[in-house]
Amino acid sequence: MPKSPILLTPLLLLLFLLSSPALDAAENGRAALPRGQQQQFKEAPEFYNSHDCPIIEPDEILCSDAAVHVAMTLDAHYLRGSMAAILSILQHSSCPENVAFHFVSSASSNSSFLQSTITASFPYLKFRVYPFDDSSVSGLISTSIRSALDCPLNYARSYLADILPLCVRRVVYLDSDLVLVDDIAKLAATPLEGSTVLAAPEYCNANFTAYFTPTFWSNPSLSLIFADRKPCYFNTGVMVINLARWRAGDYTTKIEEWMELQKRMRIYELGSLPPFLLVFAGRIAPVDHRWNQHGLGGDNFRGLCRDLHPGPVSLLHWSGKGKPWARLDANRPCPLDALWAPYDLLQTPFSLDS
Ligand SMILES: *[C@@H]1O[C@H](CO)[C@@H](O)[C@H](O)[C@H]1NC(C)=O
Ligand SMILES: *[C@@H]1O[C@H](CO)[C@@H](O)[C@H](O)[C@H]1NC(C)=O
């Protein structure tokens, strides 16, 4: 259908209605109605295994050790980011049919909506949606740090060992504001030697002290937990987790114990990250920094755009306040947002008739 000015006017209005103010509100306040229910996503192409991929029966993939298991949270506000992440994983995977997706969504969200939206765009995807009982964790989130960025679903990554079936023994956890430009099987195969539970890119130049309060550091019975290790900051948006060892060591309880303590005395400022640092920093397997080029969200409040860190890139992560979809919609993109755009499945008014 040819686009005429007359046709464009309602389309522009629709674009305006779908554009950034609502997404910004959703991103920052999470109070707006799920905009996702008005969004239309395109169908992604089908992706095929190369000839040397292990053969897994389709109905066994969600439980197979030969599959690459990916865990992500799913929520109507971030759906556009999740969809782009899924597409990027499939597109760069040499065995895309062997990737199993485990989506965790809030028990109070409309899981049939999320499920049908995923299926409509990825009819061949091997996935399951698991409900996460936010109320169980909201009692553990200290009210002083509870904020828009600190929604209970952020804590789902601490409960993957309980949420995912026992047959899933290793999982790659990924945030929803990232895209891969390399084969996820390489990340999933990160060696976890000895009793190592978790692998992530470490940043030993970051000021580790700053993640905890003076109360924490001045109390030897607390700060001594780092005495026999060399703790470094790591970002929990990209992690490879051995779930079998996590379950055996009951690391969920260890994380919850720190959250309980945080409720009684303020030992850190941020939400879901510090308990991970307390339990795992200095004890993780390293992952090459190419797998988490983080911080690309920059600080859109002050209009700052981040550049890539030096070195090769396998994963681009828009951590920080600015999300590429919101900036693109607002016509204020950062240069690197152009690398996210090719994975955007949202049907914009301009692509409706394509
Ligand atoms: C949940 O989503 C389904 C599918 O999109 C829709 O038909 C249904 O009305 C929704 N339910 C609620 C309670 O919003
Ligand atoms: C690290 O952070 C702490 C607490 O915020 C601060 O007191 C200290 O000066 C910082 N160290 C460096 C090297 O920046």
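None of the values given here were measured: they were computed from a predicted structure.

Now for the pairing of strand β1 (residues 68-74). Buried residues dominate β1, accounting for seven of its seven residues. Pairing analysis gives seven bridges linking β1 to strand β2 (residues 99-106), with the strands arranged parallel. Residue V68 lies in a different strand from β2, and its bridge partner there is V99. Chirality of the crossover, the property in question, places the unit of β1, helix α3 (residues 79-92) and β2 among those that are right-handed. Strand direction decides the pairing type here: β1 and strand β4 (residues 170-174), joined by two bridges, are parallel. By the bridge assignment, V70 is partnered in β4 with V172.

Given a rise of 1.5 Å per residue, 14 residues ought to cover 20 Å, and the 21 Å separating the end C-alpha atoms of helix α11 (residues 251-264) matches this to within 8%. Buried residues of α11: Y251, T252, I255, W258, M259, L261 and Q262, and no others.

It is worth spelling out the nonpolar core at this point. In this structure, F101, F103, F122 and L174 are the most contacted members of the largest nonpolar core, which totals 52 residues. Per element, the largest residue contribution to this core is eight residues, and it comes from α3. Not counting residues within four places of it along the chain, the set of residues in contact with F101 comprises L62, V70, I86, I89, L90, L125, K126, F127 and R128. V104, Y211, W246 and L278 belong to the second-largest nonpolar core, a separate cluster that totals 50 residues.

This part covers the state of the cysteines. Tallying each qualifying case throughout the model produces four disulfides. The disulfide partner of C63 is C167, and the S-S distance across this bridge is 1.7 Å. Across the S-S bond linking C63 and C167, the dihedral sits near -90 degrees, which makes this disulfide left-handed. Taken together, the residues C63 in the loop between α2 (20-29) and β1 and C167 in the loop between α6 (160-163) and β4 connect sequence positions 104 residues apart. Residue C167 is classed as partly exposed on the basis of its relative accessible area of 22%.

Time to look at the pattern of salt bridges. Using the criterion set out here, one finds eight salt bridges in the structure. D177 serves as the salt-bridge partner of K323, at 2.6 Å between the closest nitrogen and oxygen. One end of the pair, K323, is in the loop between β11 (315-317) and α13 (324-329); the other, D177, is in the loop between β4 and β5 (178-180), and 146 residues separate them in sequence. An identical accessibility class is assigned to K323 and D177; each is buried. The salt bridge partner of E269 is R266, with a shortest N-O separation of 2.7 Å. Take E269: its relative accessible area is 43%, and that puts it in the partly exposed class. Looking at R266, the relative accessible area reads 39%, which means it is partly exposed. The network of salt bridges with shared partners includes R80, D329 and D344.

Attention now goes to the packing of α11 against helix α12 (residues 273-280). In contact at an axis separation of 9 Å, α11 and α12 are set at 120 degrees when each is read in the N-to-C sense. The angle between α11 and α12 falls in the class oblique. As for how α11 packs across α12, the hand of that crossing is right-handed. Counting all contacts with α11, which are made through Y251, K254, I255, W258 and M259, the residues of α12 involved are P275, F276, L278, V279 and F280. In terms of residue class, the contact of α11 with α12 is made up of nine nonpolar, no polar and one charged.

This next bit is on the sheet that holds strand β10 (residues 285-286). Taken in spatial order, the seven strands of this open sheet run β3-β2-β1-β4-β9-β6-β10, and their pairing is mixed. The sheet is open, and its two edges are formed by β3 (126-132) and β10, each paired on a single side. Bridge analysis of strand β6 (residues 198-200) against β10 gives two bridges, and the strand direction is parallel. Bridging from a neighbouring strand, A199 pairs with A285 of β10. Set on the sheet, α3 makes contact with β1, β2 and β4; between it and β1 the angle comes to about 165 degrees.

Our next topic: the site of ligand 1. Taken together, N110, S112 and F113 form the complete shell of residues around ligand 1. Here an oxygen atom of ligand 1 and a side-chain polar atom of N110 are 2.4 Å apart. Considered on its own, ligand 1 offers 360 Å² of accessible surface; in the complex 31% of this is hidden by protein.

It is worth spelling out unusual backbone geometry at this point. We note that D250 has phi near 45 degrees; this positive angle belongs to a residue other than glycine. Looking at the element boundaries, D250 is found in the loop between α10 (243-249) and α11. For D250, a relative accessible area of 39% translates into the label partly exposed. Unusually for a residue other than glycine, N331 sits at a positive phi of about 60 degrees.

About the thresholds
Residues numbered from 1 in each chain as written. Chains lettered and ligands numbered in written order. Predicted model: local features only at pLDDT ≥ 70, side-chain atom pairs only at ≥ 80, totals over all residues. Heavy atoms only, no water. Buried < 20%, exposed > 50% of the residue type's maximum accessible area, 1.4 Å probe, protein only. Helix = DSSP H or I, 4+ residues; strand = E, 2+ residues; numbered from the N terminus. Pairing = 2+ DSSP bridges. Right-handed = clockwise from strand over helix to strand, strands pointing away. Expected span 1.5 Å × (residues − 1). Core = buried A, V, L, I, M, F, W, Y, C linked by side-chain atoms within 4.5 Å. Contact = heavy atoms within 4.5 Å. Disulfide = S-S within 2.5 Å. Salt bridge = Lys/Arg side-chain N within 4 Å of Asp/Glu carboxyl O. Axes fitted to C-alpha atoms, helices over the stretch in contact; angles between N-to-C directions. Parallel < 35°, antiparallel > 145°, perpendicular 65-115°, else oblique. Left-handed = near helix turned anticlockwise from the far one by under 90°. Nonpolar A, V, L, I, M, F, W, Y, C, P; charged D, E, K, R; others polar. Near = heavy atom within 4 Å. Polar contact = N/O pair within 3.5 Å; in protein donor to acceptor, adjacent residues only side chain to side chain. Areas by Shrake-Rupley, 256 points an atom, 1.4 Å probe, with all protein chains shown as cover.

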